[in-house]
Amino acid sequence: MKKKMIDFLLAQASASIRLRVRRDILRDLTPAEETALQTEILGEKIPRHIADHRQPNGWIGLGFHGSSKRAGQYDNQETAVKYMGEKGLRGTPLLNGAIDAFMSTPLTDPIYETGGRLYSEFEIPAFGQGIIRAACVARAGYAGEADIAPQVQVALESFRRVTEVDSILDVSRPGKACRLFNAGERWPCRYHLEIFAFTNSWRTPGNIAMLADAFTCLMRADRPEIAQTPVACWVGHAVGPLWYMNEGWSVSTGATNLPAPDGVRRVNFEKVEWLCRCGLYPYLPVLREEVEFITAHIRDGVCSVPFYENEFRGWGPYAGLQLEPDWRRSVRRDCDVTFRTLTILQNVGE
């Protein structure tokens, strides 16, 4: 089955997917071939747009955390770095420069759009410029070059905290509009999971088992009064459920953890891929069910499982998986979905 998928992608997919199949799955990509494919990728519309908005120090655009008044969908540092990493541009001057800018720009710089204030991930649960930066660096493939060990440790402490308390109510207090995290507490968010999915230093049998226990707690569905309780850290705006994790977190729902309004069962490829990357496939029955649901929709090397389209095409802080330049032809959509399926199966096997 995997061979048919690989054959389909190498014959039909764009340069990014062909590069990643050769580099990450087959592991037979030569440096010369990688350079040639990266040159092809850099000639696509979105990478050219990103390059056009590169600042003198390497920073992409005039924004940090997604689109803003000064930054568009791709000409902001967070989205551009993650997008380029997923596209297979690690090692190119464009992405190297963006990572250098990340690590050399103080977290109090105006470009972070916090008015010069540092929101420390060591003091505020599930928040902080530093944890976002670390997730970007990890996803782009530069964890070995940039020191994000402190953020990896915070991520471990945050997931471990879930296993130490009864619920999120124990780490928060009542506020005017909703509950607020207690200062100095720990609690996991999507950026912590993103760091784990794309790094290896934390991986020990004990830590993987702890992470599995934490997700077992987070996926409890027997206390809806807790799952429906919003909790925020007040940092000028409330951080919502797209960011932090709470009971009722589901592998099989969209980013908001709510069922699809039309009742169609869809796959959240990002959640499945990240959990499988973390080595949790043997420990979480619901994850195994999702993988089985995906593989049941593979025919002749092509996966056609229903999925959340906006989580592929909506590149930004909380979504983005599409590597094909566009989906004007259905085969391009099939390539993106099949590549994510192949990536999941590869991580299941490992």
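Residues numbered from 1 in each chain as written. Predicted model: local features only at pLDDT ≥ 70, side-chain atom pairs only at ≥ 80, totals over all residues. Heavy atoms only, no water.

Peer 1: What is the right way to look at the side chain of Thr253 in this model?
Peer 2: Assignment of secondary structure puts Thr253 in the loop between strand S3 (231-232) and helix H12 (269-277). By relative accessible area, Thr253 is classed as buried at 10%. With sequence-adjacent residues up to four places away left out, Thr253 is seen in contact with Leu258, Pro259, Asn268, Lys271 and Tyr308. (Helix = DSSP H or I, 4+ residues; strand = E, 2+ residues; numbered from the N terminus. Buried < 20%, exposed > 50% of the residue type's maximum accessible area, 1.4 Å probe, protein only. Contact = heavy atoms within 4.5 Å.)

Peer 1: Is there a simple way to explain the packing of helix H8 (residues 149-164) against helix H10 (residues 205-218) in this structure?
Peer 2: For any two helices packed against each other, the geometry is given by the interaxial angle and the distance between the axes. Taken N-terminus to C-terminus, the directions of H8 and H10 make an angle of 55 degrees; their axes are 8 Å apart at the nearest point. Relative to H10, H8 is oriented oblique. Once H8 is placed against H10, the crossing between them reads as left-handed. Contacts between H8 and H10 involve Leu156, Phe159, Arg160, Val162 and Thr163 from the former and Asn207, Met210, Leu211, Asp213, Ala214, Phe215, Cys217 and Leu218 from the latter. (Axes fitted to C-alpha atoms, helices over the stretch in contact; angles between N-to-C directions. Parallel < 35°, antiparallel > 145°, perpendicular 65-115°, else oblique. Left-handed = near helix turned anticlockwise from the far one by under 90°.)

Peer 1: Could you clarify how one ought to interpret the packing of helix H4 (residues 45-52) against helix H5 (residues 77-87) in this entry?
Peer 2: Remark: H4 packs on H5, axes separated minimally by 11 Å, with the N-to-C direction vectors making an angle of 135 degrees. It follows that H4 is oblique to H5 by the angle criterion. Seen along the crossing, H4 lies across H5 with a hand that is left-handed. Residue-level contacts link Ile46, Pro47 and Ile50 of H4 to Ala80, Tyr83 and Met84 of H5.

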